[in-house]
Amino acid sequence: MEFLRPAGWDEALAAKAECPTALPISGGTDVMVEINFDVHRPAALLDLNRVTELAEWTIEDGVVRLGAAVPYARIIEELSGPLPGLALAAHTVGSPQIRNRGTVGGNLGAASPAGDSHPPLLAAGRDVAVEVASRARGTRLIPIDDFYLGVKRNALAPDELIRRVHVPVADGPQQFSKIGTRNAMVIAVAAFGLALHPRNRTVGTGIGSAAPTPRRAVEAEEYLRGVLEEQRLWESGAPLGSEVVQRFGELVRAAAAPIDDVRGTADYRRHTLSVMARRTLTWCWNDYGKQIRSAA
Amino acid sequence: MSTRTIQDQKNLRKLNQASRHGIGASPLRPDGTLKVKGEFAYSSDLWHEDMLWGMALRSPHPRATILSVDVSEALKTPGVHAVLTHEDIPGSKFYGLEIADQPALAIDKVRYHGEAIAIVAADHPETARRAVRKIKVEYRVLTPITTEEQCLHPETYGYVHEPQEYKSHAHGNICHEQRLVCGLGVTDEVRAMADVIVRGEYEVGMQDQAFLGPESGLAVPAEDGGVDLYVATQWLHVDRQQIAPVLGLPEEKVRLTLAGVGGAFGGREDLSMQIHACLLALRTGRPVKIVYSRDESFFGHVHRHPARLTYEHGATRDGKLVYSDARIVLDGGAYASASPAVVGNAASLGNGPYVIPNVRMHALALYSNNPSCGAMRGFGAVQAAFGYESQMDKLAAALDMDPVEFRRLNAMAEGDLMPTGQRIDAPAPVAELLRRVKDMPLPPPLDPTDPDIRTLPGARSNTSHGEGIVRGVGYSVGIKNVGFSEGFDDYSTARVRLEVIGGEPVAMVHTAMAEVGQGGITVHAQIARTELGVEQVTIHPANTEIGSAGSTSASRQTYMTGGAVKLAAEAVKQELIARGRRRYGWTQHDIELADGKVVSRSAGVLVPMVELLGDGAIELTREHHHRPTQPFDPQTGQGFGHVQYSFCANRAVVDVDVELGLVKVVELTAVQDVGKALNPLAVIGQIQGGCTQALGLAVMEEIIIRDGEVRNASFTDYLIPTILDTPPIPVEILELPDPNAPYGLRGVGEAPTVSATPSIVAAIRQATGIALNRIPVRPEHLTGTL
Ligand SMILES: Cc1cc2nc3c(=O)[nH]c(=O)nc-3n(C[C@H](O)[C@H](O)[C@H](O)COP(=O)(O)OP(=O)(O)OC[C@H]3O[C@@H](n4cnc5c(N)ncnc54)[C@H](O)[C@@H]3O)c2cc1C
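Predicted, not measured: the structure shown is a model, and the values here were computed from it.

What follows is about the state of the cysteines. Tallied over the full model, the rule gives 0 disulfides over all chains. No disulfide involves B:C373; its sulfur sits 11 Å from the nearest other cysteine sulfur, which is in B:C175.

A few words now on the pattern of salt bridges. A full pass over the atoms with the stated rule returns 75 salt bridges over all chains. With a shortest N-O distance of 3.9 Å, B:E592 and B:R601 are connected by a salt bridge. Its relative accessible area of 66% is what places B:R601 among the exposed residues. The closest approach of N and O atoms between B:E702 and B:R774, which form a salt bridge, is 2.7 Å. In this pair, B:E702 sits in the loop between α18 (680-699) and β31 (705-706) while B:R774 sits in strand β34 (residues 774-775), placing the two residues 72 residues apart along the sequence. An identical accessibility class is assigned to B:E702 and B:R774; each is buried. Ionic contacts of the salt-bridge type, sharing partners, join the residues A:D38, A:R41, B:E126, B:R129, B:R130 and B:R133 into one network.

Let us now look at the site of the ligand. Residues and elements named next belong to chain A. Around the ligand, the structure places 34 residues, and the nearest of them are P24, S26, T29, D30 and Y72. At a separation of 2.9 Å, an oxygen atom of the ligand approaches a polar backbone atom of G94. Taken together, the elements giving at least two residues each to the shell around the ligand come down to β2 (23-25), α2 (31-36), α5 (96-101), α6 (104-110) and β10 (161-168). A per-element tally of the shell around the ligand places α6 first, with 4 residues. Taken together, the residues of the shell around the ligand sort by class into 18 nonpolar, 12 polar and 4 charged.

Let's shift gears to the side chain of B:E269. Residue and element names in this part refer to chain B. Following the sequence through the fold, E269 ends up in the loop between β14 (254-258) and α9 (274-284). Notably, E269 is buried but unbridged: the nearest opposite-charge side chain belongs to K480, and the N-O separation is 8.8 Å. Polar side-chain contacts of E269 include one of 3.0 Å to the side chain of S553. Apart from residues no more than four positions distant in its own chain, E269 is found in contact with L97, Q234, D239, A375, S551 and S553.

A few words now on unusual backbone geometry. Glycine aside, negative phi is the norm for most residues, and most peptide bonds take the trans geometry. Residue and element names in this part refer to chain B. Geometrically, the link from I775 to P776 is a cis peptide bond, its omega value of -5° lying close to zero. Position of P776 relative to the elements: it lies in the loop between β34 and α20 (779-783). Phi is positive for D50, close to 75°, though the residue is something other than glycine. Mapped onto the elements of the fold, D50 is located in the loop between α2 (32-37) and β2 (52-58).

All names here are of chain B. Interhelical geometry of helix α15 (residues 520-532) versus helix α16 (residues 557-584) gives an angle of 30° and a closest axis separation of 9 Å. Relative to α16, the element α15 is oriented roughly parallel. Once α15 is placed against α16, the crossing between them reads as right-handed. In this structure, α15 uses V523, H524, I527, E531 and L532 to contact α16, whose residues at the interface are T558, T561, G562, V565, K566, A569, E570, V572 and K573. Split by residue class, the contact of α15 with α16 holds 6 nonpolar, 4 polar and 4 charged.

What counts and how
Residues numbered from 1 in each chain as written. Chains lettered and ligands numbered in written order. Predicted model: local features only at pLDDT ≥ 70, side-chain atom pairs only at ≥ 80, totals over all residues. Heavy atoms only, no water. Disulfide = S-S within 2.5 Å. Salt bridge = Lys/Arg side-chain N within 4 Å of Asp/Glu carboxyl O. Buried < 20%, exposed > 50% of the residue type's maximum accessible area, 1.4 Å probe, protein only. Helix = DSSP H or I, 4+ residues; strand = E, 2+ residues; numbered from the N terminus. Near = heavy atom within 4 Å. Polar contact = N/O pair within 3.5 Å; in protein donor to acceptor, adjacent residues only side chain to side chain. Nonpolar A, V, L, I, M, F, W, Y, C, P; charged D, E, K, R; others polar. Lys, Arg positive; Asp, Glu negative; His and termini not counted. Contact = heavy atoms within 4.5 Å. Axes fitted to C-alpha atoms, helices over the stretch in contact; angles between N-to-C directions. Parallel < 35°, antiparallel > 145°, perpendicular 65-115°, else oblique. Left-handed = near helix turned anticlockwise from the far one by under 90°.

Next comes the structure, spelled out in structure tokens:
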């Protein structure tokens, strides 16, 4: 197996162009497991750890540009303010060791339906985009809604690498919940991300581990957006009716298409999604209400 | 009676000062810091110049006929030095712990998912792996025999071992069974004596030992045609006993040395890679190393028997047990392993630490095409305890009695009879343990206004900020036998040498005891210090140059090999004193060894040991046998079957998110009688570790099998408790000496594993009101989404 070690981004793109079958490795927390388990033996590994640009983030025009190789530990440490949903999700990833190595770029690269970055990225809004590049065609932005194609399949072309993710700075409360049968270090049985976007008066959701790809609960988003609009709740911040919370939970549940597997039954997954949806909505809305009242 | 409550470091330090580093103190383990720092050399770290890597081809099918095996492509792979099948085995083709029913490599059929068919040696693990893939096996796949119903109807569903293939007294697909009747048994008249009757059916899933150090070892061919094997195991001599016949070698040509063991819990009692590495080494003339990958490890060792248990209990209105009627069906999987002993324990201990005048019990282990099951911490007793303790709670509820008081009312005590007719002739403080565990302070209630989410079910997964959380409390008590039972003369050997090194008296202790993390070597040094009055003790590597130390299992090693070290050290001491008497004509009768000197209580220091020893080392070997036991009568289960009993009581406090079915064990208290705590810190470690493993069985640990196929052979999906799942475990230790045991000690390691699981399930039942009859309890059970 060849081991390619580009020293910078351009070199990395060149290496990927020359050897499209080279498997990028960032934190290695997915790649090394697969190699150890002998799932596959790539012809070459393309080590991105010397590409320092990938480990940086900036905020420009209210958008976080999160380098593909910023590890979860730093997201928790440095970005809990602008990206609260993603930071909550980062807290739930693996163990301290995994959070020190694992990255959002790697999570997107693996595109597992159980990846914990996905629900908060989906919830963060339709403007979220994955910036990818190839030497041949340069840079392009893939909207997050177009990124996940199937189980462990994403929209990356063979000669492309993920550069960073563009995520708008949170303009309202965000939450993330994840179900696992133990209290740490667990792959999600189901996960849910929720974000309120008071600025454009939308609601974002993301479902994890309950369909072949991460996905939104579109009807739930639309339903809640409608209720908030009609009842002028964005302005008042008044408590949500329990029937609204209930209905939201049901719609989130209905958006899932889970399977039975060793980690949990499809029924259980659906059930927990409705509970997580209700709880996260309650938490987000309580926070939002507090903000409105304290601003008034 | 002396008791100690050891809940914090400060108390421990106080205890340590009691005596320096002898028994009763808590010197630290020599391997502890190395393990924490990642510097300990495990068997998987073994290395030899010129060594080859061995690897096995395993069956993807739980039941199939092998039509052909073609190794030619594999053999042609450059770097491959040997590919062997059963046809290449020079000696006996079968081995087994109790019954030699397992082929070293599959012969014409496979009986479980993962059974080894062929082995490869190559100069690189990658090459070996590729070569394994090139072995072509043609199978005729058969429907696996996996359920109790299928196993018990071989005419319809077939035999796991054809009748002519049996190596035991087995019949049908029953590997071993034990019946037991005491008092009047269970008849209509007996039932009529009970005012309250409760019945229950319970199920225990297949738990794994989940040790972290995968099976591994290194076989080095020797010039004499024999082989030296360095391996992580639980019992060197019984490994050798099984390996040598397969290699066609006399035992003395198969020499074993213990390599660094990364946990065992019963999973290393059976052979794994031993025979394969030796076969390859002898064939190639090169050292051969085998290290299982994590998934292979799940196929490479036996697991805890899954069980189905049916209990019926009757009691009088005032809360006295009248009878128990039980049937325990254990799934032993494809090969016998330790199934007979597991059945013996289930039958003899399956009524718990209670006085029950009338008992009928039938315990059996089945052969099936599921993975083989055998030894795991507390075997037989663990499965049964979930059944009988669930029943005790049910009875207490039916009688409207407090569950602890109900248990106390029926608790056995010294002098009582076991259902086997064995009189308990050592302390059995069951009622006392229960009283104490109940009296321990409860943790503070959850603060619903501002909970720390790390302490809630789900923790950092952020599933609850206090919503849906209900607290529950549950109690249980259990019984476990210590040592090997049913007439087995289970002895240990120790050699102790006392000599002067660098101007100091130094003791050397040599045994074949497998240190698997239990702290045996620490305790051996403590015993030598106490008996010989020296500070410096070295522990010789464990190997087969010395006689057997028996297995590191059944909570027996401190009792048995510790006892042997004590005997040998005492003999050395007597020899030294005798030497002094000869040399100096001492007449005192109160001569002791202390602080490196020979002292007389009346006359003071007689001579420094260094002077008396001079150049003449003293070295003596002793065997320690426990008192004899008897086999159980197959029909009545009567017999003086067990060496010693140990008891532990637990209280579990849990928080359950009743909407999501997530559980957080908040606290798990243990009170245990240990006879004498030779090393209190190690004792607490054993009790806390045992409780944690029991917690795993209660709420998460299960090998999931469908139609004989293992579905979760990884630590991604076989979940064991993390530190966030492991609550504070306050431990109270009682020290009621057992007059039959060295220092009065009682085996410690298994009793908490037996008793803690039911307390957790009881607590979850209390929180949810759901009648849970299967472990591990899954969120689906608690949310009705199975
Ligand atoms: C013990 C353990 C626990 C875990 N727990 C969790 C968990 O709780 N939640 C969770 O979501 N995941 C978990 N994981 C999986 C893993 O940690 C995450 O998916 C992590 O985000 C992967 O990041 P990485 O940088 O290590 O990726 P790598 O392993 O380096 O790469 C993963 C994939 O992404 C590709 N890739 C990486 N960087 C790029 C790039 N810049 N451009 C294109 N492709 C790229 C790689 O080629 C590979 O296909 C766990 C893993 C382990 C070993």
